[in-house]
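# Close look at the chain arrangement
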Amino acid sequence: MNKIKEILIGTNNKGKYREISNLLPNKVKIHSLNEFNILSPKETGKTFKENSFIKASYFSRKTKLICLSDDSGLEIDLLKGEPGIYSSRWSGKKNDFNLAINKIFKKMKNTKKNWESFNSARFICCITIFWPNGKSFSSKGMIKGKISNVKKGKNGFGYDPIFIPHGYDQTFGEMKSKLKMSIDHRFKAFLKINKFFI
Ligand code: IMP
């Protein structure tokens, strides 16, 4: 198997870009979408896997580079898996996560009064690598936890200030980024693809 020495990280999300570039071995030459003038494709898939494939194959075809894209999100049991694949879209056109988080608090309150005592959630990440010859590989990672009833911490991005992983008291937003990145859904998905790299 030819090991990957050069790759495009197919995301316009700065938080994801930072995490993925830190997970890749130092020797790998990384390209970002900033080098190209390409808008993201419509995420028309019904699953994380379909959407990560749509992004990786689209950016690879446009740039002729091997591309790695992730599709990820938060699934909350009391909300029947919402926001799920719509995690990004809940933040609106301006990517305002105060909006998305307040929407979650409002919906949780509508399910039961003491929702914070009984809730479970998980972050899911599906990573697809797409090669210009049409080959692809996808892997999935998950971390279980619960939703905090207040926002805590300024680290990370997206829903990090309200997600408390199992076995910890802090939200991802309060955790040092090194710790988050060594246990989270993206890291777990990455464990299954690092065999492709030098
Ligand atoms: P998409 O994969 O581009 O559709 O966006 C996934 C969305 O899920 C992101 O915009 C974040 O809001 C959220 N998300 C995914 N992974 C994480 C994470 O590690 N921390 C916080 N939010 C995340």
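Preceding this paragraph is the structure being described.
The rules behind each value
- Residues numbered from 1 in each chain as written.
- Predicted model: local features only at pLDDT ≥ 70, side-chain atom pairs only at ≥ 80, totals over all residues.
- Heavy atoms only, no water.
- Salt bridge = Lys/Arg side-chain N within 4 Å of Asp/Glu carboxyl O.
- Helix = DSSP H or I, 4+ residues; strand = E, 2+ residues; numbered from the N terminus.
- Buried < 20%, exposed > 50% of the residue type's maximum accessible area, 1.4 Å probe, protein only.
- Arc of directions from axis to C-beta.
- Contact = heavy atoms within 4.5 Å.
- Polar contact = N/O pair within 3.5 Å; in protein donor to acceptor, adjacent residues only side chain to side chain.
- Phe/Tyr/Trp six-rings, centres within 6.5 Å; stacked < 30°, edge-to-face > 60°.
- Lys NZ or Arg CZ within 6 Å of the ring centre and 35° of its normal.
- Pairing = 2+ DSSP bridges.
- Axes fitted to C-alpha atoms, helices over the stretch in contact; angles between N-to-C directions.
- Core = buried A, V, L, I, M, F, W, Y, C linked by side-chain atoms within 4.5 Å.
- Expected span 1.5 Å × (residues − 1).

## Topic: the pattern of salt bridges
The final tally for this structure, using the stated rule, is 12 salt bridges. Of the charged contacts in the structure, one is a salt bridge between Glu 75 and Arg 122, with a shortest N-O distance of 3.0 Å. Here Arg 122 lies in strand S4 (residues 121-130) and Glu 75 lies in strand S3 (residues 67-76), a separation of 47 residues in the sequence. The class of Arg 122 is buried, set by a relative accessible area of 18%. Through salt bridges with shared partners, one network takes in Lys 16, Glu 19, Asp 70, Asp 160, Lys 180, Asp 184 and Arg 186.

## A short note on helix H1 (residues 14-23)
Three or more residues of H1 are buried, namely Gly 15, Lys 16, Glu 19, Ile 20 and Leu 23. The buried residues of H1 all sit within an arc of 120° when viewed along its axis, so they share a single face. Facing away from the buried side of H1 by more than 90 degrees, the exposed set consists of Lys 14 and Asn 22. Each element contacted by the buried residues of H1 is listed here: strand S1 (6-9), helix H2 (48-63), S3, helix H4 (177-183) and helix H5 (185-191). For H1, the capping residue at the N-terminal end is Asn 13, with a side-chain oxygen 2.9 Å from the backbone nitrogen of Gly 15.

## Observations concerning the packing of aromatic side chains
Under the criterion given, the structure shown has 10 aromatic pairs. Between Phe 163 and Phe 172, the ring centres sit 5.2 Å apart and the planes meet at 45°, which makes this aromatic pair tilted. Comparing Phe 163 with Phe 172 shows no difference in burial state: the two are buried. Arranged with centres 5.9 Å apart and planes meeting at 15°, the rings of Phe 190 and Phe 197 form a pair that is stacked. Each member of the pair, Phe 190 as well as Phe 197, is classed as buried. Clustering of aromatic rings is evident, with ring pairs tying together Phe 123, Phe 163 and Phe 172. Lying over the aromatic face of Trp 90, Lys 103 brings its terminal NZ or CZ to 4.3 Å of the ring centre. Over the ring of Trp 131 we find Lys 135; its NZ or CZ atom is 4.2 Å from the centre of that ring.

## Side note on the sheet that holds strand S2 (residues 29-32)
As summarised here, the arrangement of the 6 strands in space is S2-S1-S3-S4-S5-S6, forming an open sheet in which the pairing is mixed. Edge positions in the sheet fall to S2 and strand S6 (163-165), since each of these pairs with one other strand and no more. Within this sheet the neighbouring strands show an average axis-to-axis angle of 35°, counted without direction. As defined by bridge partners, S3 adjoins S4 across 10 bridges and the pair is classed as antiparallel. Paired with Cys 67 across the bridge in S4 is Phe 130. Contacts from H1 reach S1, S2 and S3, with the element oriented near 120° to S3.

## Observations regarding the nonpolar core
Of all hydrophobic cores here, the largest spans 20 residues; its most connected members are Leu 74, Ile 76, Ile 104, Ile 147 and Tyr 159. Among the elements of the structure, S3, helix H3 (97-111), S4 and strand S5 (136-147) are those that each provide at least two residues to this core. The element best represented in this core is H3, accounting for 5 residues. Leu 74 has contacts with Gly 81, Glu 82, Pro 83, Gly 84, Ser 87, Ile 104, Ala 121, Arg 122, Phe 123, Ile 147, Tyr 159 and Phe 163, leaving out every residue within four places of it along the chain. Judged by nonpolar contacts, the second largest core, of 18 residues, contains Ile 9, Val 28, Trp 131 and Ile 193.

## So, H2
For an α-helix the count is 3.6 residues per turn, leaving residues at separations of three or four pointing the same way. Taking 1.5 Å of rise per residue, the 16 residues of H2 would be expected to cover 22 Å, and the 23 Å separating its terminal C-alpha atoms lies within 8% of that figure. Looking at H2, one finds that the buried residues are Phe 48, Asn 51, Ser 52, Lys 55, Ala 56, Ser 57, Phe 59, Ser 60 and Thr 63. Considering only its buried residues, H2 is in contact with S1, H1, S3 and S4. Positioned one or two residues after H2, Lys 64 has a phi angle of 65°, which is positive.

## Structural notes on the environment of Met 181
Inspection of the secondary structure puts Met 181 in helix H4. Expressed as a C-alpha distance, the spacing of Met 181 and Asn 194, which sit 13 residues apart in the sequence, is 15 Å.

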